[in-house]
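# Tertiary structure, described
Here is what each chain is made of, one letter per residue.
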2 protein chains.
Amino acid sequence: MPPAFFSGSKILIDVGFLSFLEDRLKLVDKKMMSRSAGYHHDLTAALEHLRESGGKRIRPIITLLIGSILGAADEKLISLSASIELLHTATLVHDDLIDGALLRRGNPTLNSHWTPAATVLTGDFIFAQAALLAAEIESTEAMSLFAETLSIIVNGEISQLFGRNKFSSKEDYYHRIFEKTGSLFALSAKAAALISPADRKYIKPAEEYGKEIGKAFQIVDDVLDFTGDQDRVGKPIGNDLRQGVPTLPAIYYGEKFPEDEVLGKILDGSASDSAVEELIKRINQSGVIQLAMDDARESSEKAINTLAGFPDGRDREALEKLATFIVDRDL
Amino acid sequence: MPPAFFSGSKILIDVGFLSFLEDRLKLVDKKMMSRSAGYHHDLTAALEHLRESGGKRIRPIITLLIGSILGAADEKLISLSASIELLHTATLVHDDLIDGALLRRGNPTLNSHWTPAATVLTGDFIFAQAALLAAEIESTEAMSLFAETLSIIVNGEISQLFGRNKFSSKEDYYHRIFEKTGSLFALSAKAAALISPADRKYIKPAEEYGKEIGKAFQIVDDVLDFTGDQDRVGKPIGNDLRQGVPTLPAIYYGEKFPEDEVLGKILDGSASDSAVEELIKRINQSGVIQLAMDDARESSEKAINTLAGFPDGRDREALEKLATFIVDRDL
């Protein structure tokens, strides 16, 4: 059984080296709902639903740990964490709509009465709640960073939307996963350093830690899309590829076996289902998974190295272990 | 011919009492694009398109005038104005999608290649640009107000989405138009006072001015939906009613003629096209237009009265004339 930490449905941290964060993570969770009282019940219910179903809380963990090392006030770190987690949630809500529209799978509703219109508005409402919490921190620098990160994420989504079904280079891929994932991890770490009373020399390495751990996290996510247990991952293996989005294993495979025409056929939509299944097997057996995992491990090590100048202690140790844990996870 | 100010396609202020704002409004316009460089060309092109096709710029006018009376720095007022105008634009972009989805008129695309997915993302991108400019003002109080206003607007849209085709009371209507329009006018005025160096006693009356002028503006908009020239307004007369949204003239009509069953039939979708046309004529001839206009004039006068304690001069005079002008417009 995987640790509850990565079960995708609990915020509880069962991995031992993070358990000391449990109380603060509960406060983050509470904070996410704190400003939504008094609005339409469907909006607050949707927000509650999303909070409950809510993810690994890995970004808040990074914010809390970096901020804690650098002496930032718990109250501000909790607002910042909640704000970033809501920003992440809002982009996911709109993402669902975008993927749904693109794949014509019908309305990707969170519950049966959610139309696309309600989904757009719920996402907007969550953006507003995220901005409200960001304003609580009283740092216009953090606020600005917050808005820039949203621009980067949206820019990445637009680029991906218009660039689907094109073969990507490794460089394209890394750029894309920075926009999609790394930017928000970088925000989680950098903003925590920004709002701390510590020397500003920590801001840049904090940002680098976030970028690298975000990169490792997304590579592993993309690897698990090929190697994971379909029942546990909750979607068919090779899902990205089926949707015309080549991730790192497929890119490495394309470079190693340029004569295999199935990859091109998948991207232009002319491959049969069975041909796709066969290609996924070939990708799994070709050694490219290992190449991708080597990249993830490299980023994880880089992340750990950026912490070299940070004060020693439990928090820094947890950030180091987190970087390793993220690569070794199987879900 | 209407003044270009209300043509809906120019920012130019042709009405004499506002012409002195022209240079500053051009700077607002420029500011709206200032942070979008470097992003995907479709995003910047969409933003440019929206800026060009851009509306009356009435909110920036209010911000510039209130801020100017109270001694706020031009630079901050321009960022604030641009930020609020972008927030408004973003909500309109998502609104189009929502109305399109609801009415099943197909994709309300700004140009032929805009899918709903691209529309959602463009709106999100514009939210991000609005937040970036809001952060430039370096007032966390204004930032917070900004996010609260977005919450109010979205809350109003969700309430309207789930409450369509229900008969509203006058109170419901006023609450709805505050959420939809008044809140953003109130933000335009209140935030300008907030960031000014003047006494905080001006904040509340500034907010009231915004609320009342916003109320008058929306009532007149809703009246013009019944009385306007279809070709100039650009949509069929009685458009709101056809969409199942009762506005003030229809509400007054329903109160005055409870025995007329067509209104109820329109709201439950069982009225024929010709019955709708006939009802629109009856509403126009029933005297309720005058009742609605009386309400608009009352709000306009209230707006003017809230300025009583403000320093005299050209800016205050322009705000007073604006309140009257808004009610007397015919487009």
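This is a predicted model, so every value here is computed, not measured.

Conventions and cut-offs
Residues numbered from 1 in each chain as written. Chains lettered and ligands numbered in written order. Predicted model: local features only at pLDDT ≥ 70, side-chain atom pairs only at ≥ 80, totals over all residues. Heavy atoms only, no water. 1 Å grid on protein atoms, 1.4 Å probe; cavity = no way out; pocket = protein on both sides within 12 Å on 5 of 7 lines; lining within 4 Å. Points joined across faces, edges and corners; volume = space filled by probe spheres on them. Nonpolar A, V, L, I, M, F, W, Y, C, P; charged D, E, K, R; others polar. Helix = DSSP H or I, 4+ residues; strand = E, 2+ residues; numbered from the N terminus. Buried < 20%, exposed > 50% of the residue type's maximum accessible area, 1.4 Å probe, protein only. Axes fitted to C-alpha atoms, helices over the stretch in contact; angles between N-to-C directions. Parallel < 35°, antiparallel > 145°, perpendicular 65-115°, else oblique. Left-handed = near helix turned anticlockwise from the far one by under 90°. Contact = heavy atoms within 4.5 Å. Least-squares fit on C-alpha atoms with pLDDT ≥ 70 in both. Buried area = accessible area lost by both parts, 1.4 Å probe. Salt bridge = Lys/Arg side-chain N within 4 Å of Asp/Glu carboxyl O.

In this section: empty space enclosed by the protein. In this approach, a probe sized like a water molecule rolls over the atoms, and the result shows the empty space that is left. This structure, assessed with the given rule, holds three cavities of 30 Å³ or more. Estimated volume of the largest cavity: approximately 150 Å³. Taken together, 17 residues line the largest cavity, and the ones lying closest to its centre are A:Phe127, A:Ala131, B:Phe127, B:Ala131 and B:Leu150. By residue class, the composition of the lining of the largest cavity is 17 nonpolar, no polar and no charged. Quantified by volume, the second largest cavity comes out at close to 50 Å³.

Peptide bonds are, in most cases, trans, and in most cases residues other than glycine have a negative phi. Residues and elements named next belong to chain A. Even without glycine at this site, arginine 57 takes up a positive phi of about 55°. With respect to the helices and strands, the residue arginine 57 is situated in the loop between α2 (41-52) and α3 (58-69). The exposure class assigned to arginine 57 is buried, which follows from its relative accessible area of 3%. One non-glycine residue, glutamate 138, lies in the positive phi region at around 60°. If you trace the backbone, glutamate 138 turns up in the loop between α5 (116-136) and α6 (140-163). For glutamate 138, a relative accessible area of 57% translates into the label exposed.

Now for the packing of α3(A) against helix α15 (residues 314-328) of chain A. All names here are of chain A. One way to put it is that α3 packs onto α15 with a least axis distance of 9 Å and a crossing angle of 150°. When the axes of α3 and α15 are compared, the pair comes out roughly antiparallel. Considering only the axes of α3 and α15, their crossing is left-handed. Counted together, Ile58, Ile61, Ile62, Leu65, Ile66, Ser68 and Ile69 of α3 and Asp315, Arg316, Ala318, Leu319, Leu322 and Ile326 of α15 form the full contact between these two elements. Along the lines of polarity and charge, the residues of the contact of α3 with α15 split into 10 nonpolar, one polar and two charged.

Another point: the relation of the copies chain A and chain B. The relation between the two chain copies is a rotation about an axis coupled with a shift along that axis. Its rotation angle being 180°, the transformation that places chain A on chain B also includes 0.0 Å of axial translation and leaves an RMSD of 0.0 Å. Given the turn and translation reported, the copies of this chain are related as if by a two-fold rotation axis. When the interface residues of chain A are mapped onto chain B, 100% of them are again interface residues, pointing to one common binding face.

Here the focus is the interface of chain A and chain B. Counting residues at the interface gives 39 residues for chain A, matched by 39 residues for chain B. Together chain A and chain B conceal approximately 3,500 Å² of surface at their shared face, both sides included; 78% is due to carbon and sulfur atoms. By the criterion of area lost to chain B, the three top residues of chain A are A:Leu121, A:Thr140 and A:Phe162, representing 16% of everything that side buries. Our count for the chain A to chain B interface comes out at two salt bridges.

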